[in-house]
Amino acid sequence: MSMQLNSKIPEGRLEDKWRNYQLHAQLINPANKKKLNVIVVGSGLSGAGAAATLAELGYDVQCFCYQDSARRAHSVAAQGGINAAKNYQHDGDSVWRMFYDTLKGGDFRSREANVYRLAELSAPLIDHYVQQGVPFAREYGGVLVNRSFGGVQVQRTFYARGQTGQQLLLAAYSQLYKMVRAKKVKMYPRSEMMDLVVVDGKAKGIIVRDLVTGRLKRYAADAVVLATGGYSRVFRLSTLAIGCNGSAIWKAHKRGAYFAAPSFTQIHPTALPQTSEAQSKLTLMSESLRNDGRIWVPLQKDDPRKANEIPETERDYYLERRYPSFGNLAPRDIASRAAKERIDTGYGVGRLKNAVYLDFKHAIGKFGLETIKDRYGNLFNMYKKITGIDAYQEPMQISPAAHFSMGGLWVDYELMTTIPGLYAVGECNFSDHGANRLGANSLLQASIDGYFVLPNTINNYLVNALKEEHTTTDHPEFARAESEVEEHIRRILSVNGTKTVDHFHRELGKIMWQECAMSRNKPGLEDAIRKIEMLKREFWRDVKVTGAGDKMNPELEKAYRLADFIELGILMCTDALEREESCGAHFREEYQTEDGEAVRNDDQYSYVSAWEYAEGRFELHKEDLEFENIKPTVRSYK
């Protein structure tokens, strides 16, 4: 069945759309809100923001997270900052400029209306967090300070040293727990969503596995909100926490939610390089370091000398050379590809020759050690803890790593998926970043979706739920979904093969990193799909998962998450194969200029790909992108 994708973009001028939308939205009176129940899956910035705000408004909310505490949600790991068009620096910033930068940064593959709303709501969000007590960095006189981030020529990034995500999450967490104490939110930690329950075409609940006891439980609601983060662990080695996974959105996809732009995944240019096969994750080093750090490699291949022994004249500051107007603050996809190009051609540094240098010598000389410590102290400490190297004395070694997912569940202007009553907020939806996210826009999008957008759109759907009968967990669809989950778990445990889950994840990661990461081509992607399909058959024939399903079992958790990643990997490669152009993070080798820059094809590919799951196959639907306010241009950072 094909459905027409209706993005529900409101009428009117770009600047008026969000206001027009709110003027025409349906309202629900406070007494009636109490009768309505909403499930929120995930407790990061988007999930905690949504759960707390919906509860404040009077809805009855149930919030689930697989971590021990909502405080452990992965938003905690974000370092560098959060963007807002406050123009405190009087350097020419505005809502329009931020809208333009974000649309261009995403290589014109996102919706104008959504991106404009992101920019428009950014300034009030900073006030919102300041009022919640977030300790943003300030100038000596007390005003909030900004720094630069990639792809932008103004300073609009607010930060709390190199731990902005943690500070924002603590604020969101305290709002959430205020509502938990007021008995308006019921919190379920150590609970993993295993499936979505759809009744008569509408999302009406979830099946959850209690990670401590292994028991399956049913929860019903009038609407379900997914706030489950990104899926970059599909590459295995990534900057994400080990527990991060794409299972919740994948289960929703298999129940009918279209998956948009799955192959748009961001490779972050600055992470610590991989040191061994046994390693299970990579560590992010914030993009904010590129404000003061300069990236370089030796001019001579396989240079055996230590970094400090190489004179200035024999260093290649390749970002400053290739992109003079943005220099070290070129956008992420561009900085990552440039690093890959240097490493692949033999200029890499470090023990495994898989890194480049990030050097603070000049900044320390110019501003003094104390200033640099003040700006990035915790990042330098972290670097020293992990590598044993004092980066105040010699350059850091960094390397590109899988990081953020621009793709995710397709959502309309209201953040609703193609399943009525199912919403996706934050990184797990595809909405605002197009083919490449600008640094410091992820904390922004997660927060705005959860705090400001969803609470003003979900009422349009819930107003009708008042008239309907409330579905309870006794409905046969709940029993059916629960038995399907039981059968899935039983099947994984009964394979009893010879290879570990990690073995299969490592194999999947290698294929994805080789063929569907920083650079892609037709034969490679076709080969990747074949290999992943073979890997899938081998997994179901030969995986060994010890322990039982009815008690705590981390091996089982890894296995059922990986089963979903394997299928997602096939869709990502299918999407990358279908899009015969280069745009943002999706770089097809066949479509590039002579000096290696991306070539877009706006005539044929100016759309968001939205994939429908059709019994193991994927069917493509296109949401055409209309650019009424900004004409797409060649995205140049020269």
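None of the values given here were measured: they were computed from a predicted structure. (Residues numbered from 1 in each chain as written. Predicted model: local features only at pLDDT ≥ 70, side-chain atom pairs only at ≥ 80, totals over all residues. Heavy atoms only, no water.)

So, the overall build of the protein chain
Link 1 in the chain: Helices and strands together make up the secondary structure of the protein chain, namely 18 helices and 19 strands.
Link 2 in the chain: Here the C-alpha atoms of the protein chain give a radius of gyration of 24 Å, agreeing with the 26 Å that 2.2 N^0.38 yields for 638 residues.
Link 3 in the chain: Its C-alpha atoms give the protein chain principal-axis dimensions of roughly 75 × 60 × 50 Å.
Link 4 in the chain: A buried classification covers 62% of the 638 residues belonging to the protein chain.
Link 5 in the chain: In the protein chain, once contacts between residues fewer than 6 apart in sequence are set aside, the share between residues at least 24 apart is 74%.
Link 6 in the chain: Per element, the accessible surface of the protein chain, about 24700 Å² overall, is 49% carbon and sulfur.
Link 7 in the chain: Here the protein chain contributes 84 positive and 81 negative side-chain charges, whose respective centroids are spaced 5 Å apart. (Helix = DSSP H or I, 4+ residues; strand = E, 2+ residues; numbered from the N terminus. Rg over C-alpha atoms; globule rule 2.2 N^0.38 Å. Buried < 20%, exposed > 50% of the residue type's maximum accessible area, 1.4 Å probe, protein only. Contact = heavy atoms within 4.5 Å. Areas by Shrake-Rupley, 256 points an atom, 1.4 Å probe, with all protein chains shown as cover. Lys, Arg positive; Asp, Glu negative; His and termini not counted. Charge placed at Lys NZ, Arg CZ, Asp CG, Glu CD.)

Structural notes on the environment of L237
Link 1 in the chain: Looking at the element boundaries, L237 is found in the loop between β9 (223–226) and α8 (247–254).
Link 2 in the chain: The sequence separation of L237 and K467 amounts to 230 residues, and the corresponding C-alpha distance is 48 Å.
Link 3 in the chain: Each residue touching L237, except ones within four places of it in the same chain, is listed here: Q274, Q279, S280, K281, L282 and A402.

A word on the pattern of salt bridges
Pairs can form between side chains of opposite charge whenever their charged atoms are close.
Link 1 in the chain: As enumerated under the stated definition, the model contains 60 salt bridges in all.
Link 2 in the chain: Of the charged contacts in the structure, one is a salt bridge between D107 and R600, with a shortest N-O distance of 2.8 Å. Placement of the pair is D107 in the loop between α4 (95–105) and α5 (112–120) and R600 in the loop between α17 (554–578) and α18 (602–605), with a sequence separation of 493 residues. Accessibility assignment for this pair places D107 and R600 in one class, buried.
Link 3 in the chain: Here D502 ties to K558 by a salt bridge, and the two come within 3.4 Å at their closest N and O atoms. Of the two residues, D502 sits in helix α15 (residues 501–515) while K558 sits in helix α17, which places them 56 residues apart along the sequence.
Link 4 in the chain: Several salt bridges converge on common partners, so that one network encompasses D107, R109, D333, R337, R579, E581, R600, D602 and R635. (Salt bridge = Lys/Arg side-chain N within 4 Å of Asp/Glu carboxyl O.)

Examining α4
Link 1 in the chain: By the burial criterion, the buried members of α4 are M98, F99, D101, T102, L103, K104 and G105.
Link 2 in the chain: Against β3 (82–83), α5, α6 (122–131) and α13 (442–465) lie the buried residues of α4.
Link 3 in the chain: Of the residues flanking the end of α4, it is D107, one or two places downstream, whose phi is positive at about 55 degrees.

Focus on the sheet that holds strand β2 (residues 60–64)
Link 1 in the chain: Pairing within the open sheet is parallel, and its five strands lie in the order β5-β2-β1-β9-β17. In this open sheet, the two strands that pair with only one neighbour each are β5 (185–188) and β17 (422–424). The average undirected angle you get between the axes of adjacent strands in this sheet is 20 degrees.
Link 2 in the chain: Sheet topology note: the strand β1 (residues 37–41)/β2 ladder contains five bridges and is parallel. Counterpart to N37 in the pairing with β2 is D60.
Link 3 in the chain: Sheet strands touched by α13: β1, β9 and β17. Its angle to β9, the strand with the most contacts, is close to 150 degrees. (Pairing = 2+ DSSP bridges. Axes fitted to C-alpha atoms, helices over the stretch in contact; angles between N-to-C directions.)

What to know about the packing of α15 against α17
Link 1 in the chain: Taken N-terminus to C-terminus, the directions of α15 and α17 make an angle of 20 degrees; their axes are 10 Å apart at the nearest point. The angle between α15 and α17 falls in the class roughly parallel. Crossing of α15 over α17 shows left-handed handedness. Side by side, α15 and α17 meet where V501, D502, F504, H505, L508 and M512 of the first sit next to E555, K558, A559, L562, F565, I566, G569, M572 and C573 of the second.
Link 2 in the chain: When the residues that make up the contact of α15 with α17 are grouped by side-chain class, the tally is 10 nonpolar, two polar and three charged. (Parallel < 35°, antiparallel > 145°, perpendicular 65-115°, else oblique. Left-handed = near helix turned anticlockwise from the far one by under 90°. Nonpolar A, V, L, I, M, F, W, Y, C, P; charged D, E, K, R; others polar.)

So, the domain arrangement of the protein chain
Link 1 in the chain: Taken domain by domain, the protein chain holds domain 1 (269–402) and domain 2 (476–603).
Link 2 in the chain: A straight line from the C-alpha centre of domain 1 to that of domain 2 covers 30 Å.
Link 3 in the chain: Contact with domain 1, which involves 11 residues of that partner, is made by 11 residues of domain 2.
Link 4 in the chain: Together, the buried faces of domain 1 and domain 2 total about 840 Å²; carbon and sulfur atoms form 53% of this surface.
Link 5 in the chain: It is E277, R337 and K340 that lose the most area in domain 1 upon contact with domain 2, and together they represent 53% of the buried surface on that side.
Link 6 in the chain: One salt bridge in this structure joins E277 and K510, with 3.6 Å as the shortest N-O distance. (Domains from an automatic or database assignment. Buried area = accessible area lost by both parts, 1.4 Å probe.)

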